[in-house]
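What the coordinates show
If you want the building blocks of each chain, they are given just below.
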Amino acid sequence: IDVSLDGKRFVVAGLQTQIEFYDYETCKNLCTLNFAKNKCHSNKIFSVRYSPFNPNQIYSGGWDRNVKVWDVRAGTVTHNICGTQTCSDSLDMDSDGRTLVTGGGTSGEGVQVWDLRNTVKPICRPSWYPYSNQSEPTINCCRFIQGHGMIVASCTDDVPVKCWNSKTGALV
């Protein structure tokens, strides 16, 4: 669940393969993006967020190993990042409006930083275990610390929270 910047709408997603938009005051469904009509996700959607800078943009991610950036007005995908499973609340947009952080799942994706101008591969992959060969844990939540050039993330493993430089991926 996330609330639009103006507080007038909220968006929900989850076990079903659709994204639903509601009026905040009346709780009336305004529209639904689904797989059949909008080529939405083909599996559970674990994270959906409004862009903090563009009221007509959301981004979503889930178990189908896709992160999608949507133009809400048209109901179309403007960017698609393939191959990264998103778990829990693990999507966030940096203050530049083009850099996205994802927290990955069961295939060892870990934390990845993406530039929406080129989504072929992540621009940065901060490591949870930088001095070992351990696979990356499942990330439960990740966020940019706006204005500070850092990312904070949590997981269910032995160390609950870590923080990295968002440009270099170095532990802070």
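We now turn to the structure provided with this report. (Residues numbered from 1 in each chain as written. Predicted model: local features only at pLDDT ≥ 70, side-chain atom pairs only at ≥ 80, totals over all residues. Heavy atoms only, no water.)

Taken in spatial order, the four strands line up as E5-E6-E7-E8 in an open sheet, and their pairing is antiparallel. At either margin of the open sheet sits one strand with a lone partner, and together these are strand E5 (45-50) and strand E8 (76-82). When the angles between neighbouring strand axes are averaged without regard to direction, this sheet yields 15°. Taken together, the six bridges between strand E7 (residues 66-71) and E8 define a ladder with antiparallel strand orientation. Each residue of the ladder has a partner; that of Val67, found in E8, is Ile81. (Pairing = 2+ DSSP bridges. Helix = DSSP H or I, 4+ residues; strand = E, 2+ residues; numbered from the N terminus. Axes fitted to C-alpha atoms, helices over the stretch in contact; angles between N-to-C directions.)

All right, on to the side chain of Thr99 then. By the element assignment, Thr99 lies in strand E10 (residues 99-104). A polar contact is formed between the side chain of Thr99 and the side chain of Asp96, at a distance of 2.6 Å. (Polar contact = N/O pair within 3.5 Å; in protein donor to acceptor, adjacent residues only side chain to side chain.)

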